[in-house]
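Commentary on secondary and tertiary structure
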Amino acid sequence: MGLLDAILGRSKPVRPDLDQLFAVPSAALTLQAAAGFTPTGLGSVCFAGVEGGGFARLQEDVRELLDADTERGGIPVEFSRDAYGYTWLLARHPADDSAALVNDLHAVNTLLQDGGFGPQLLCSLIGFRGAESADSRSLALVYLYKRGTFYPFAPLPGDAEKRDNQLELQVRGVLGDDLRVEKDLSRWFPVWGAPGL
């Protein structure tokens, strides 16, 4: 950071640390023991789409990499667009294999970053459900690519776009030793209707 940046109050952006994703499987055990949430086996990566052949080729490379096990019973990845024009890649694994899910999410982020599309990466999401049969609450651990941090997102059941802020703060306290949790609560963006949630 230069002198002019210091004078103008600009800070150097945090470099993404994709290896933070590998902490999720152990955090999932903590989350299950302390709050009763278990992994769903669903995870997604959100990125801003880019027009052009290079990005289309990279998207196909991602699909080929993650769909390599479909002949052995693996589930193909799904691409979708949300109402804001962002592209989501949804990966599915058995609920008890969060390590394989994290490996896929890490691979997608790495391929996009190494392909020069890191600025288009927004977040990755890992889904959880309440462990009790009557508990239909969903929860996501959201990894902010540009910040290198996680935050919990807990939508309330039903159609209204409302969050369970108490649960989110509880999860922050539970996972503080396992994950690098985003300290700035204004960056805990809602991801309504995200695939994998």
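See the structure printed just above.
No experiment lies behind these values; they were computed from the predicted model shown. (Residues numbered from 1 in each chain as written. Predicted model: local features only at pLDDT ≥ 70, side-chain atom pairs only at ≥ 80, totals over all residues. Heavy atoms only, no water.)

A short note on the pattern of salt bridges
Summed over the entire model, instances satisfying the criterion amount to five salt bridges. A salt bridge links arginine 137 to aspartate 164; the shortest N-O distance between them is 3.9 Å. Linking arginine 137 in the loop between β4 (121–130) and β5 (138–144) with aspartate 164 in the loop between β6 (149–153) and α5 (165–175), this pair joins segments that are 27 residues apart in sequence. On the basis of relative accessible area, arginine 137 is assigned to the partly exposed category, the value being 28%. With relative accessibility at 16%, the residue aspartate 164 sits in the buried group. (Salt bridge = Lys/Arg side-chain N within 4 Å of Asp/Glu carboxyl O. Helix = DSSP H or I, 4+ residues; strand = E, 2+ residues; numbered from the N terminus. Buried < 20%, exposed > 50% of the residue type's maximum accessible area, 1.4 Å probe, protein only.)

What to know about the nonpolar core
Leu31, Leu89, Phe128, Val142, Leu179 and Val191 are the most contacted members of the largest nonpolar core, which has 49 residues in total. Residue contacts for valine 142: discarding those within four places in its chain leaves Cys123, Ser124, Leu125, Thr149, Phe150, Tyr151, Phe153 and Val191. (Core = buried A, V, L, I, M, F, W, Y, C linked by side-chain atoms within 4.5 Å. Contact = heavy atoms within 4.5 Å.)

Re the pairing of β5
Here β5 lies mainly inside the structure; seven of its seven residues are buried. Residue alternation in β5 divides its side chains into two sets, Ser138, Ala140, Val142 and Leu144 and Leu139, Leu141 and Tyr143, and both sets are buried. Taken together, the five bridges between β5 and β6 define a ladder with antiparallel strand orientation. Each residue of the ladder has a partner; that of valine 142, found in β6, is tyrosine 151. In this structure, the hairpin formed by β5 and β6 is closed by a connection of four residues, where glycine 148 is found at a positive phi of approximately 70°. (Pairing = 2+ DSSP bridges.)

Side note on helix α2 (residues 24–35)
Listing the buried residues of α2 in full gives Val24, Ala27, Ala28, Leu31 and Ala35. Seen along its axis, α2 keeps its buried residues to an arc of 105°; they face one direction. Residues of α2 that are exposed and point more than 90 degrees away from the buried face comprise Leu29 and Ala33. On the buried face of α2, the contacting elements are β1 (37–48), α4 (98–117), β4, β5, β6 and α5. One or two residues past the end of α2 sits glycine 36, with phi positive at roughly 80°. (Arc of directions from axis to C-beta.)

A short note on α5
Restricting attention to buried positions, one finds in α5 the residues Leu167, Glu168, Val171 and Leu175. For α5, the arc enclosing every buried residue in end-on projection is 100°, short of the 170-degree limit, so these residues lie on one face. More than 90 degrees from the buried face of α5, the exposed residues found are Gln166 and Gly173. Here the buried face of α5 lies against α2, β1, β5 and β6.

Structural notes on the pairing of strand β2 (residues 78–81)
Residues in a regular strand project their side chains so that they alternate between the two faces of the sheet. Across four bridges, the pairing between β2 and strand β3 (residues 86–92) is antiparallel. When the bridges of β3 are listed, phenylalanine 79 appears paired with leucine 89. A loop of four residues connects β2 with β3, the two strands running antiparallel in sequence, and glycine 85 in this loop sits at a positive phi of about 90°.

Description of the layout of surface pockets
If you add up the space inside the largest pocket, you get close to 540 Å³. In terms of lining, the largest pocket is formed by 24 residues, of which the most central are Tyr86, Trp88, Leu122, Pro190 and Val191. Of all the elements in the fold, those that place two or more residues in the lining of the largest pocket are β2, β3 and β4. Here the lining of the largest pocket is built from residues that sort into 16 nonpolar, two polar and six charged. (1 Å grid on protein atoms, 1.4 Å probe; cavity = no way out; pocket = protein on both sides within 12 Å on 5 of 7 lines; lining within 4 Å. Points joined across faces, edges and corners; volume = space filled by probe spheres on them. Nonpolar A, V, L, I, M, F, W, Y, C, P; charged D, E, K, R; others polar.)

A word on the environment of arginine 180
By the secondary structure assignment, arginine 180 is in the segment after α5. The class for arginine 180 is partly exposed, based on a relative accessible area of 36%. Between the C-alpha atoms of arginine 180 and alanine 23, which are 157 residues apart in sequence, the distance is 9.1 Å. Excluding its chain neighbours within four sequence positions, the residues that come into contact with arginine 180 are Asp17, Gln20, Gly148, Thr149 and Phe150.

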